Amino acid sequence: MSVRRFVAPNSREAMRQVREVLGEDALILSNRPVAEGVEILALAEEEQQAAQAAAASPAVQARPAAAGEAHRESAAAPVGRMPVPPVPTAVPLDFAALGQRLLGEMQDMRALLDRQIPVPATGGGCRGQLRQRLLGAGFGPCLGDEILAGLPAELAAGPASAPALQAWLERQLEARLPLLEDEAALLDAGGVIALIGPTGVGKTTTAAKLAARYVMRHGASQVALISTDSFRIGAHEQLRIYARLLGVEVHTLAAVAPLEPLLAGLADKRLVIIDTVGMSQRDRRLLTQINQLGAAGRPVRLMLLLNAACHGDTLEEVVGTYQRAALAAGARLRDCIVSKCDEAARLGPVLDILMRHGLRLNYLTSGQQVPEDLQVAEARPLLRQALAASQSSPFVPEEALDGGGRRLDSWARGLFGRGRSLAAAFEGLRRELDGFALLERAWRLAALPAGVQGERLARLLEEEDEAADTGVRQLLWGSGKPVPGATWNMPLLTLDPAGRLQLRPWLAHLLPTGHEQRLDWAFERLEARRHLLAVAPEGGFLRALTHLRSPWIGAARSVNRVEFQGERHALARLGEVAENHGSLQLRHRGRPLWLELRYLPVALRVAGERAGEWAPWPLQAWFGTLRDADSGRSLGQRHWLAWSPETERLALAEQADGVRLLLAGEDLPALTLRAWQALGELQAPPRTELRLFLAAALAAGASRLDQSAEDWAMDLRARLAGLGGGRRPRGPAQQLDSLLHLLAAGDAFRQLGDEIGH
C-alpha cells in the first residue's frame, strides 16, 4: 500500500490537501501534531479497497467483529465523515478535535487489546538522562513518559544534574504523590480503621504503632484493637502483648465471624483498629474478607499495607486486586501505608504504584520498634531518597526492558496517565489562578439550552460575588471603545493587591453609565484602590478620578502633547530629558525582557479648557524602552501618564509598578477577541453574554499564565503544552489555545465517564 503524508499548519488545511489529492473517500490513518503543525497519513480510495479485501480474509474474520469494526472506524475514517471543526485563520485552534480524539481513543481501547504499541525512544540529552534516572530509581516508563511530556522549554537545554532541573523533577513527582496532610485530623476523626494486605507485610506491628500514636495524643481509654487473624500462629497473642504494653483493650475474632456485634459493643471507643488476616491478592477469600468489613454496621476505613521491598509487578497486582475487591463490596480503597522501607533497595516502584492508582500515603514504616518506626511521609525527603537510588545503582527495571514493544495495557495506562496530567493541570490552575474554578463552572453553562444561559450566568456570578473575599483591588479598564474587529467593549478586569490578574470579568454594558457613576460603583462594590487605564483619561473622567483622589496610570501615544516648562511638547520629544528610574525584568509575550523606565513631571491641559480658566493638571509622564534580555536589542518604546495623591517617592514606586501591570495587560483585548472567535466555532456557540464572559476570563488566565516567571507557571505552561499535542508555549496566544484544549479535553473525559456510568 502507498501511504501519503500531508503536513499543514492546522488540521483544516491538512484535510483540504487530503481531499484535493486523494479525494473525498480517502482513509485517514493517523493525525498528529508535529513541529510544522499537523501531520496526516492517508490512503487513496483504491488502497482502501485493497485493505478492505485483506480485512475480509479468514485470518481477519476469525477475530472478534466488534473489535475489528471499532478499530477500522476509529483508525480509518473516510474523509467525508471525519468530524473536523472549521477554524478561522485568525484563531488556529483545533481544540474540539482534541476532545474528540481523546474520547475516541478511550472508547476504542478494548477493541485494540491485541495490538503492539512501540516504546518511545529514550533519546539523548536532558530528556533522555531524566528518563533513565527515573527508570533507574524504579519508576515505570509510563509515569516517566507522562512526566517528561511536560518538560519546560526553559529547562530542556540544561544538563540533567542542574539544580533547577532536579527541583522541577521533584515538583512533578510531588504533585502526583497523594500524602496525608494532617495526622492530627486523621487521629482526631477516629472511627474504625481496618489494616488489610498480603501476609507478612507488617499489619500487626503497624496496628500497634497506630494505637501507640493515638494513645500518645488522647490516652488509652478511647482506643481498642481487634485481631481477626486466627490463621497465623501466635497472631492474637502478639497483638495482646502490644495491647497490654499500651494499656488498651484488645479483642479477638474468628476470620469468618461477623464484626457488627463486636463493633456495637465498642461504640464508646473513638478509634478501633482492626488487624485483618493477611491474604494473597490471588486468594479467593479476599472478597469475602472485604465484604465482612463492609457489613460491620459502622463505616470502616480501609488502609492497605504495601511492602516497599516487593517487585513492581507484584505491587501492581496487589493494588489492582484489592481496589477491585473493595469496589465490589461497595467500599473505596484510598489509603495506604508503605512498610519495610528499610529493606527496600529502591522506593521508586512503590511510589510509582501510589501515583498511578491515586492511593494516599499516610505513613511509612522502617522497623519493629513501636511507635518510633512509624513516620508520617514527607514528600521532598522521600522523593530525594527515591531518586538518589538511581545514581548509586545501574539497575533498570525489568518492565522497562521489553524489547521495544508494549502491549495495550501499558498504552492504556499511558492514556490514564494523560487523564492524571489533565487532573493535575486543573488542580494547579485552580490553586494558582484566582477565578479559574469560576471559569470552569461558567464553561459548563455553554452546554445548557441557549435560553437559560444568561439567567444561569447571572445566578452563578451572584453566588460567586457573595462568597468572594472582600479586599481592595486594582481595576484594569478598557479603552471605552469597541475592541478592533469586534462590536463589544473590553470587559473590566480586576487585580488583587499584589497585582495578580483575576479571572472574574465585569461586562462593560452591564456597568453604570457615566464616568462618575462607574467610579462610584467601582469604589463601593470593588473597593478600588488604583485604576489602570488603556487610554489616559481626559475631561470628565479625569475630573472624576481626581475628585475621588484615586491614583491612576494610563497608556499614552508618543504624539500626545503635554506641557513642560510652560511649553507644549509631544511625549516622544521629552524622553531625552526625563530622569532615569531603573530597569524591571519581566516576561512579555512569552520571553524575558528588560524594561528601562524614565519619568518626568509634566502638565496636561484638557481639550476645551481655555488658558487662564483652568490650571493644567499636574501629572507624571513615563517613558519605557523594552529590551531583549539576551541581546539587549531595543524592542520598542512605550509612554504612559500617571497621577497619584501620595508622596513623590511612594507615588513613583507605585506608578512604576502600574506601568508593569499595564504592559502585561496590553494584549488582553486581542486575546479576548481570539477567544471570542474560537468560542464562536463551537458546534453550539454560547450566547453573547456568556461567550464574552468566557472569552475575557480565558484571556486573563492566559495572560497571567504567560506573564508569571514563578516555577508553578513554568510547570503549568509545559504541562499544558504536552496535553495540547506537545507544542512549546511561545506567548499568551499559545497559553490561550492550551486553556481551550484543556477545557475541551475535560469535557471529553466527563462525557466518557457519563457513557460508562450508563
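Since this is a predicted model, take the numbers as computed values, not measurements. Position numbers for residues start from 1 in each chain and track the written sequence from start to end. At least 70 in pLDDT is required for a residue's local features to be given in this predicted model, at least 80 for side-chain atom pairs to be given and counted, and no such filter applies to totals for whole chains, interfaces and linings, which use all residues. As a rule here, side-chain values cover all heavy atoms of the structure and leave hydrogens and water aside.

Participant: Summarise the overall build of the protein; cite the residues concerned and give the values.
Facilitator: Helical segments are the DSSP runs of H or I of at least four residues, strand segments are the runs of E of at least two, and each set is numbered from the N terminus. Within the protein one finds 27 helices and 24 strands. Taking all 758 residues of the protein together, the buried fraction comes to 51%. Within the protein, counting contacts between residues at least 6 apart in sequence, those at least 24 apart form 69% of the total. For the accessible areas, the method is Shrake-Rupley and the probe is 1.4 Å, while residue cover comes only from the protein chains on display. Surface accessibility of the protein: about 35200 Å² in total, with carbon and sulfur atoms responsible for 52%. Burial status follows relative accessibility: with a 1.4 Å probe on protein chains alone, a residue under 20% of its type maximum counts as buried, one over 50% as exposed, and anything between as partly exposed. The contact criterion used throughout is that any non-hydrogen atoms of two residues lie within 4.5 Å.

Participant: Tell me about the nonpolar core, residues and numbers included.
Facilitator: Take the buried residues of types Ala, Val, Leu, Ile, Met, Phe, Trp, Tyr and Cys, join any two whose side-chain atoms come within 4.5 Å, and each joined set is a nonpolar core. Counting residues in each nonpolar core, the largest one holds 71 residues, and the members touching the most others are Phe 436, Leu 476, Trp 622, Trp 640, Leu 698 and Leu 742. Per-element accounting of this core gives the leading share, 11 residues, to helix H25 (residues 688-707). Listed in part, the 69 residues of the second largest apolar core include Leu 177, Ala 326, Leu 359 and Met 714.

Participant: Mind laying out the confidence of the model for the protein, listing which residues take part and the relevant values?
Facilitator: Residues of the protein with pLDDT of at least 70 account for 79%, and the chain-wide mean is 79. Below pLDDT 50 for its whole length, residues 107-123 participates in 43 contacts with residues either more than four positions away or in separate chains. Every residue in residues 393-408 scores below 50 in pLDDT, and together they form 40 contacts with partners more than four places removed in sequence or on other chains. A score from 0 to 100, pLDDT tells how confident the predictor is in each residue.

Participant: So, the packing of helix H21 (residues 515-525) against helix H22 (residues 539-547): which residues are in play, and what are the values?
Facilitator: Axis angles are defined between N-to-C directions and span 0 to 180 degrees, where every axis is a line fitted to C-alpha atoms and, for a helix, only to the segment in contact. Packing of H21 against H22 brings their axes to within 9 Å, and their N-to-C directions diverge by 35 degrees. Classified by chirality, the crossing of H22 by H21 is right-handed. The segment H21 lies against H22, with His 515, Glu 516 and Leu 519 engaging Gly 540, Phe 541, Ala 544 and Leu 545. Note on convention: the crossing is left-handed when the near helix lies turned anticlockwise from the far helix by less than a right angle, right-handed when the turn is clockwise.

Participant: Would you mind going over the pattern of salt bridges in detail, with residue names and values included?
Facilitator: Any carboxyl oxygen of Asp or Glu that lies within 4 Å of a side-chain nitrogen of Lys or Arg is treated as forming a salt bridge with it. Inspection of every chain in the model, using the stated rule, returns 32 salt bridges. Its salt-bridge partner being Glu 39, residue Arg 5 comes within 2.5 Å of it at the nearest N-O pair. Pair noted here: Arg 5 is in strand E1 (residues 4-8) and Glu 39 is in strand E3 (residues 37-43), with a separation of 34 residues, a long-range link. A salt bridge links Asp 352 to Arg 356, with the nearest nitrogen and oxygen atoms 2.6 Å apart. With Asp 352 and Arg 356 both in helix H16 (residues 348-357) and four residues apart, the pair spans about one turn of that helix. Here Asp 352 matches Arg 356 in class, with each residue buried. Overlapping salt bridges, with partners in common, bring together Glu 170, Glu 174, Arg 380 and Arg 384 in one network.

Participant: Can you lay out the packing of helix H7 (residues 141-148) against helix H9 (residues 163-176) for me, pointing to particular residues and giving the numbers?
Facilitator: Running from N to C, H7 and H9 point in directions that differ by 115 degrees, and their axes come no closer than 11 Å. The chirality of how H7 crosses H9 is right-handed. Between H7 and H9, the residues in contact are Leu 143, Glu 146, Ile 147 and Leu 148 and Trp 168, Leu 169, Gln 172, Leu 173 and Arg 176, respectively. For this scheme, ten residues count as nonpolar: Ala, Val, Leu, Ile, Met, Phe, Trp, Tyr, Cys and Pro. Four count as charged, namely Asp, Glu, Lys and Arg, and the remainder, Gly too, count as polar. Within the contact of H7 with H9, the residues separate by chemical class into six nonpolar, one polar and two charged.

Participant: Explain the packing of aromatic side chains residue by residue, including any values.
Facilitator: The aromatic pairing rule takes the rings of Phe, Tyr and Trp, using the six-membered ring of Trp, and pairs them if the centres are within 6.5 Å, calling planes under 30 degrees apart stacked, those over 60 edge-to-face and the rest tilted. Enumeration according to the criterion identifies five aromatic pairs in this entry. Note on Trp 488 and Trp 676: the rings are 5.4 Å apart at their centroids and 55 degrees apart in plane angle, and the pair reads as tilted. Of the two residues, Trp 488 sits in the loop between strand E15 (473-477) and strand E16 (493-495) while Trp 676 sits in helix H24 (residues 668-680), which places them 188 residues apart along the sequence. Accessibility assignment for this pair places Trp 488 and Trp 676 in one class, buried. Here the aromatic rings of Trp 506 and Trp 521 are separated by 5.5 Å at their centres, their planes lie at 75 degrees, and the arrangement is edge-to-face. You can see Trp 506 sitting in the loop between E16 and H21 and its partner Trp 521 sitting in helix H21, a full 15 residues away along the chain. What makes Trp 506 buried here is its relative accessible area of 8%. Of the residues examined, Trp 521 reaches a relative accessible area of 15% and is grouped as buried.

Participant: So, the side chain of Arg 691: which residues are in play, and what are the values?
Facilitator: Mapped onto the secondary structure, Arg 691 falls in helix H25. Charged residues are defined narrowly, with Lys and Arg counted positive, Asp and Glu counted negative, and His plus the chain ends left uncounted. Of the side chains bearing the opposite charge, Glu 681 lies closest to the buried Arg 691, which forms no salt bridge; the N-O distance is 7.0 Å. Here the side chain of Arg 691 touches Trp 676 through a polar contact of 2.8 Å, landing on its backbone oxygen. Not counting the four nearest positions on each side in its chain, Arg 691 is found in contact with Trp 676, Gln 677, Leu 679, Gly 680 and Pro 686. Here a polar contact is taken to be a pair of N or O atoms separated by no more than 3.5 Å, where protein atoms must pair a possible hydrogen donor with a possible acceptor and residues adjacent in sequence count only if both atoms sit in side chains.

Participant: For the pairing of strand E12 (residues 360-365), give the residues involved together with the corresponding values.
Facilitator: Burial runs high along E12: five of the six residues are buried. Whether two strands pair depends on DSSP finding at least two bridges between them. In this sheet, E12 lies alongside strand E11 (residues 335-339) in parallel orientation, the contact comprising four bridges. The residue bridging Val 338 from the neighbouring strand is Leu 364, located in E12. Regarding topology, H16 serves as the crossover connection from E11 to the parallel E12, and that connection is right-handed. Sheet analysis places E12 next to strand E13 (residues 374-376), joined by three bridges and oriented antiparallel. Along E13, the bridge assignment pairs Thr 365 with Leu 374. A clockwise course of the path from the first strand over the helix to the second, judged with the strands pointing away from the viewer, identifies a crossover as right-handed.

Participant: Lay out the environment of Ala 508 with the relevant residues and their values.
Facilitator: As for its placement among the helices and strands, Ala 508 is situated in the loop between E16 and H21. Sequence separation between Ala 508 and Pro 491 is 17 residues; the distance between their C-alpha atoms is 5.0 Å.

Participant: Break down H22 for me, citing the residues and quoting the values.
Facilitator: The set of residues buried in H22 consists of Gly 539, Phe 541, Leu 542, Ala 544 and Leu 545. On its buried face, H22 sits against H21, strand E17 (528-533), strand E18 (552-556), strand E22 (591-604) and strand E23 (617-628).

Participant: How would you summarise the sheet that holds E12 if you had to cite specific residues and measurements?
Facilitator: With mixed pairing, the eight strands of this open sheet are ordered in space as E8-E7-E9-E6-E10-E11-E12-E13. Looking at strand neighbours, the two that pair on one side only are strand E8 (249-252) and E13, the edges of this open sheet. The average undirected angle you get between the axes of adjacent strands in this sheet is 25 degrees. Along the sheet, helix H15 (residues 312-328) contacts strand E6 (191-196) and strand E10 (300-307); its crossing angle with E10, the most-contacted strand, is approximately 170 degrees. Packing against the sheet, H16 makes contact with E10, E11 and E12, and its axis sits at approximately 180 degrees to E11.

Participant: Just give me the short version of the environment of His 251, but keep the residues and values in it.
Facilitator: Relative to the helices and strands, His 251 resides in strand E8. Separated by 24 residues in the primary sequence, His 251 and Ser 227 place their C-alpha atoms 6.4 Å from one another. Contact partners of His 251, with chain neighbours within four places excluded, come to Leu 225, Ile 226, Ser 227, Leu 262 and Leu 266. Reaching out from His 251, the side chain makes a polar contact with the side chain of Glu 249 at a distance of 3.0 Å.

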